[in-house]
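Overview (structure and organization)
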Amino acid sequence: LIPKVWCLDDFELARPLGKGQFGQVYLMRERQSRFVVAMKVVLKSDLLKHNMEHQLRREIDIQSNLRHKHILRLDTFFHDEKRVYLVLEYAPQGELYKRLRKMVKFPEWQASKYIYELATALAYLHRKHVIHRDIKPENLLLGAHGELKISDFGWSVHAPSPSSRRLTFCGTLDYLAPEMVEGRVHSNRVDVWSLGVLCYEFLVGKPPFEGLQEEDRQATYSRIAKVDLDIPETISSEARDLILKLLKYHPDHRLGLERVLLHPWITRHNGTKGSSSSHNRGL
Ligand SMILES: COc1ccc(/C=N/Nc2[nH]nc(C)c2C(=O)Nc2cccc(NC(C)=O)c2)cc1
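The structure displayed is predicted, hence computed values, not measured ones. For every chain, the first residue of the written sequence is number 1, and numbering continues from 1 along that sequence. Totals for whole chains, interfaces and linings use every residue, but because this is a predicted model, local features are given only for residues with pLDDT of at least 70 and side-chain atom pairs only at 80 or more, for both listing and counting. Each side-chain value is derived from all of the structure's non-hydrogen atoms; neither hydrogens nor water enter the calculation.

In this section: the sheet that holds strand S5 (residues 83-88). Taken together, the five strands give an open sheet; going across it, the order is S1-S2-S3-S5-S4, and neighbouring strands pair in antiparallel fashion. Only two strands of the sheet have a single partner each, and these edge strands are strand S1 (11-19) and strand S4 (74-79). This sheet shows a mean twist of 25° between the axes of neighbouring strands, independent of strand direction. Following DSSP output, two strands are said to pair if at least two bridges run between them. By definition, any uninterrupted DSSP run of H or I lasting at least four residues is a helix, any uninterrupted run of E lasting at least two residues is a strand, and each is numbered from the N terminus. Examined bridge by bridge, strand S3 (residues 36-43) and S5 share six bridges and lie antiparallel to one another. If you follow Met 39 over to S5, its bridge partner there is Val 87. Each axis is a line fitted through C-alpha atoms, and for a helix only the stretch in contact is used; angles between axes span 0 to 180 degrees, taken between their N-to-C directions.

Attention shifts here to the pairing of strand S2 (residues 24-30). Of the pairings in the sheet, the one linking S1 to S2 comprises seven bridges and is antiparallel in character. Bridged to Gly 18 within S2 is Val 25. Here S1 hands over to S2 after four residues, with Gly 23 in that stretch at a positive phi of 155°. With six bridges connecting them, S2 and S3 associate as antiparallel partners. Each bridged residue has a counterpart across the sheet, and for Met 28 the counterpart in S3 is Val 37. Between the end of S2 and the start of S3, which pair antiparallel, lie five residues, with Arg 34 showing a positive phi angle near 65°.

Once that is clear, we can look at helix H7 (residues 217-225). Here's how the labels work: a residue is buried when its accessible area is under 20% of the maximum for its type, exposed when over 50%, partly exposed in between, all with a 1.4 Å probe on protein chains only. Among the residues of H7, Ala 219, Thr 220, Arg 223 and Ile 224 are the ones counted as buried. Buried positions in H7, seen along its axis, are confined to an arc of 130° and lie on one side of it. Pairs of residues are marked as contacts when any of their non-hydrogen atoms sit within 4.5 Å. Tucked inside the fold, the buried residues of H7 contact helix H5 (178-181) and helix H6 (189-204). Of all possible arcs, the one meant is that of the directions from the helix axis to the C-beta atoms.

Below, the discussion takes up the packing of aromatic side chains. We call Phe, Tyr and Trp rings a pair once their centres come within 6.5 Å, taking the six-membered ring for Trp, and we label the pair stacked below 30 degrees between planes, edge-to-face above 60, and tilted otherwise. For the coordinates displayed, the defined rule picks out seven aromatic pairs. Ring pairs connect the aromatic residues Trp 6, Phe 11, Phe 78 and Tyr 85, which therefore count as one cluster. Counting as a charge over the ring demands two things of the Lys NZ or Arg CZ atom: a distance within 6 Å of the ring centre and an angle within 35 degrees of the ring normal. The cationic tip of Lys 4 hangs over the ring face of Trp 6; the distance from NZ or CZ to the ring centre is 4.7 Å.

Right, let's get into the site of the ligand. Residues in contact with the ligand amount to 15 residues; listed here are only the nearest, Leu 17, Ala 38, Glu 89, Ala 91 and Glu 95. Taking Ala 91, its main chain carries an N or O atom lying 2.8 Å from a nitrogen atom of the ligand. Within the complex, 78% of the 550 Å² of free accessible area of the ligand lies under protein. Going through the elements one at a time, S1 and strand S6 (94-95) are the ones with two or more residues in the shell around the ligand. Counting residues per element, the shell around the ligand draws most heavily on S1, which supplies three residues. Any residue with a heavy atom positioned within 4 Å of a molecule or strand is treated as near that molecule or strand. Distance and chemistry together define a polar contact, namely a pair of N or O atoms within 3.5 Å, with one atom able to donate a hydrogen and the other to accept it when in protein, and with adjacent residues in sequence counting only for side-chain atoms on both sides. Under the convention used here, a 1.4 Å probe and the Shrake-Rupley method define accessible areas, while residue burial counts only the protein chains that appear.

Our focus in this paragraph is the pattern of salt bridges. Each reported salt bridge corresponds to a side-chain nitrogen of Lys or Arg within 4 Å of a carboxyl oxygen of Asp or Glu. This model, assessed by the stated rule, comprises 20 salt bridges. In this structure, Arg 34 and Glu 12 form a salt bridge, with 3.4 Å as the shortest nitrogen-oxygen distance. Highlighted residues: Arg 34 in the loop between S2 and S3 and Glu 12 in strand S1, separated in sequence by 22 residues. On the accessibility criterion, Arg 34 (45% relative accessible area) is partly exposed. Judged by relative accessible area, which is 23%, Glu 12 ranks as partly exposed.

Note: pLDDT gives the predictor's confidence per residue, expressed from 0 to 100. Put simply, the chain has an average pLDDT of 91, and 92% of its residues get 70 or more. Per-residue pLDDT stays below 50 along residues 274-283; that stretch engages in 10 contacts with residues further than four places along the chain or on separate chains. With a pTM of 0.92, the predicted complex shows an ipTM of 0.97.

Looking at the element boundaries, His 126 is found in helix H4 (residues 108-127). Setting aside residues no more than four positions away along its own chain, His 126 makes contact with Asn 188, Asp 191 and Leu 257.

Here it is as structure tokens:
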């Protein structure tokens, strides 16, 4: 899609895909190239109502400059008097969240593959001084070959950013690092914490610090702050080892992403030569 001012008439509707947090998502086809895209449509009135226009601007700024196999591309955007339209990469296999709920939990090889793909994407983000801050199953999509794609950069920031200390996080607390829930200064290590939470959830079927009652934010908050973690015996010792090295209270004690990619539980399932192995694995 070469730079030009796009408008809705350049696209034709294929079918609705579903409802996102802030708007409807449609499968669209660009008329000239026949190129298939996912279009996220956000009402400006909704943005104003939730004071989210600055967050959408940041999402567009950050995501449109990223190019990585495991990060959903944002090709372009445009707006009319009522709506903002984001032209996004289409990931045919949809939300990982839905697949996790259906399968309850993933076999170790599958969880290891997703954590590997996530870690390579996060390493790329951190090299570009971007922190995602909202890594959770709802923000992960699956490409044509079942490969993971991080989407929804609504909470991402350029690090370091003291400014974002006062966050009104209305989403679930389950994936937030202690320094985030306690409103302290935070670094890109918050994404490493979330990786640990996801690794646990992929293998166990629920996040580690979930409050006993649904929506029991206080309980979740205190369990995160205490790193009150209970890893079931059914998990392999190598997976347990990695989870314990990611869910460390102190950000600097968490395993660096390069070390994650070299961890035995990761290399055992993902070939040892960096990302090239995923290209020539005949996917
Ligand atoms: C209802 O069954 C579905 C199966 C697969 C899809 C694929 N969606 N793929 C996407 N590529 N780029 C974007 C952005 C999306 C997207 O937002 N999808 C989406 C949005 C809201 C709900 C769902 N639901 C599911 C089940 O994935 C998908 C969407 C719906």
